[in-house]
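Remarks on the overall topology
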Amino acid sequence: MTNYYELLGVSRDASETEIKQAYRKLAKKYHPDTNQGSEEATRKFKLIHEAYNTLRDEALRQAYDAELIRKAEGAGGQQQERGRGAAANSGGARRAAKGFNPADIGSNFEQFFGFHPKTKEGSPGKNTKKSGDPTDTSAMFNQFFGIRKK
């Protein structure tokens, strides 16, 4: 896990202004336009931007700090964290969002709703009465308003 405080060169109790100044200085130094063709500079710029976005948001910063503490405690800290339950896991949403892959939206949708959004076919192995879009509410709409098909 990258230590965002070390990356930006600020202390853990740094103010929002200090974090912003450190970010701007490093962003200017590693900006892709300044370092034409340097993949290392681009990678570092993205990491600096991620660090800044995390540390400037109070909720994300608290979750990040909790994660840093948990990592520092080692394996013993992991067992304690699991024992406390979901309320103690304030960084859970951050970790879940970090692993988000837009290419998997179709399969996630299919798992949740039981059909693929593009093909409108039901998932294999699911007990579906008919294939098609289960979110199609036109029959319910027509029945409610008394519309009959001719």
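Residues numbered from 1 in each chain as written. Predicted model: local features only at pLDDT ≥ 70, side-chain atom pairs only at ≥ 80, totals over all residues. Heavy atoms only, no water.

In the annotation of an unreviewed UniProt entry, the chain is listed under the name DnaJ domain-containing protein and assigned to Paenibacillus farraposensis.

1. Thoughts on the packing of aromatic side chains
As a reminder, the rule being used: Aromatic pairing here means that ring centres of Phe, Tyr or Trp (its six-membered ring) are within 6.5 Å. Orientation follows from the plane angle: under 30 degrees is stacked, over 60 is edge-to-face, and everything else is tilted. Numbering of helices and strands starts at the N terminus; helices are DSSP runs of H or I of at least 4 residues and strands are runs of E of at least 2.
Counted under the stated rule, the structure contains three aromatic pairs. Measuring from ring centre to ring centre gives 6.1 Å for Tyr 5 and Tyr 64, while their planes differ by 50°; the resulting arrangement is tilted. Of this pair, Tyr 5 sits in helix H1 (residues 4-8) while Tyr 64 sits in helix H4 (residues 58-73), and the two are 59 residues apart along the sequence. By way of ring pairs, the aromatic residues Tyr 4, Tyr 5 and Tyr 64 are connected into one cluster.

2. What about the side chain of Asp 65?
Test applied: Residue burial is assigned from relative accessible area. The probe radius is 1.4 Å, only protein chains are included, and a residue is buried under 20% of its type maximum, exposed over 50%, and partly exposed in between. Definition of a polar contact: a pair of N or O atoms within 3.5 Å, with one able to donate and the other able to accept a hydrogen when the atoms are protein atoms, and with sequence-neighbouring residues admitted only if both atoms are side-chain atoms. The contact criterion used throughout is that any non-hydrogen atoms of two residues lie within 4.5 Å.
If you trace the backbone, Asp 65 turns up in helix H4. For Asp 65, a relative accessible area of 17% gives the class buried. Side-chain polar atoms of Asp 65 contact the side chain of Tyr 5, separated by 2.6 Å. Look past the residues within four positions of Asp 65 in its chain and what remains in contact with it is Tyr 5 and Arg 12.

3. Concerning the packing of helix H2 (residues 16-30) against helix H3 (residues 39-56)
Convention followed: To obtain each axis, a line is fitted to C-alpha atoms, and for helices this fit is confined to the stretch in contact; angles are then taken between N-to-C directions over 0 to 180 degrees. Note on angle classes: values under 35 degrees are labelled roughly parallel, values over 145 roughly antiparallel, values of 65 to 115 roughly perpendicular, and the remainder oblique. Definitions for this section: a left-handed crossing has its near helix turned counterclockwise from the far helix by less than a right angle. A right-handed crossing has that turn clockwise. Side-chain classes are defined by residue name, with Ala, Val, Leu, Ile, Met, Phe, Trp, Tyr, Cys and Pro counting as nonpolar, Asp, Glu, Lys and Arg as charged, and the others, Gly among them, as polar.
Direction vectors running N to C along H2 and H3 enclose 165°, while the axes themselves pass 9 Å from each other. When the axes of H2 and H3 are compared, the pair comes out roughly antiparallel. Viewed along their axes, H2 and H3 form a crossing whose handedness is left-handed. Two secondary-structure elements touch here, H2 through Glu 16, Ile 19, Lys 20, Tyr 23, Leu 26, Ala 27 and Tyr 30 and H3 through Ala 41, Lys 44, Phe 45, Ile 48, His 49, Tyr 52, Leu 55 and Arg 56. Its residues placed into classes, the contact of H2 with H3 shows ten nonpolar, one polar and four charged.

4. Overview of the nonpolar core
Stated formally: What we call a nonpolar core is a set of buried Ala, Val, Leu, Ile, Met, Phe, Trp, Tyr and Cys residues that are connected through their side-chain atoms within 4.5 Å.
Membership of the largest hydrophobic core comes to 20 residues, with the highest contact counts inside it found for Leu 8, Val 10, Ile 19, Ile 48 and Leu 55. The contacts of Ile 48, once residues within four sequence positions are left out, are Leu 7, Leu 8, Tyr 23, Leu 26, Ala 27 and Tyr 30.

5. Side note on H2
To be explicit about the condition: Take the number of residues in a helix, subtract one, and multiply by 1.5 Å to get its expected span. The reported arc concerns the directions from the helix axis to the C-beta atoms and nothing else.
Taking 1.5 Å as the rise per residue, H2 with 15 residues should run 21 Å; its terminal C-alpha atoms sit 21 Å apart, in good agreement. Of the residues making up H2, those classed as buried are Ile 19, Ala 22, Tyr 23, Leu 26, Ala 27 and Tyr 30. For H2, the angular spread of buried residues about the axis comes to 130°, placing them on one side. Set apart from the buried face of H2 by more than 90 degrees, the exposed residues are Thr 17, Gln 21, Arg 24, Lys 25, Lys 28 and Lys 29.

6. Notes on the pattern of salt bridges
Put simply, the test is: When a carboxyl oxygen of Asp or Glu lies within 4 Å of a side-chain nitrogen of Lys or Arg, that pair is called a salt bridge.
Across all of its chains, the model carries three salt bridges by this definition. Two residues, Glu 67 and Arg 70, come together in a salt bridge whose shortest N-O distance is 2.9 Å. With a gap of three residues between them, Glu 67 and Arg 70 both fall in helix H4, about one helical turn apart. Arg 70 matches Glu 67 in its accessibility class, with the two residues each being buried.

7. Some words on H4
One turn of the α-helix equals 3.6 residues, which is why residues spaced by three or four share an orientation. Here H4 spans 23 Å end to end across 16 residues, near enough to the 22 Å set by a 1.5 Å rise per residue. Considered for burial, the residues of H4 that qualify are Arg 61, Ala 63, Tyr 64, Asp 65, Glu 67, Leu 68 and Arg 70. Between a side-chain oxygen at the N-terminus of H4 and the backbone nitrogen of Ala 59 the separation is 3.1 Å; the capping residue is Asp 57.

8. Comments concerning a nonpolar patch on the surface
Basically, it comes down to this: Here a patch means residues that are over 30% exposed by relative accessible area and free of salt bridges, tied together within 9 Å if like-charged and within 5 Å if nonpolar (Val, Leu, Ile, Met, Phe, Trp, Tyr). Note that accessible areas follow from Shrake-Rupley with a 1.4 Å probe, and for residues the cover is restricted to the protein chains shown.
On the surface, Phe 141, Phe 144, Phe 145 and Ile 147 cluster together into a nonpolar patch covering about 480 Å² of accessible area. For Phe 141, the location among the structural elements is in helix H8 (residues 138-145).

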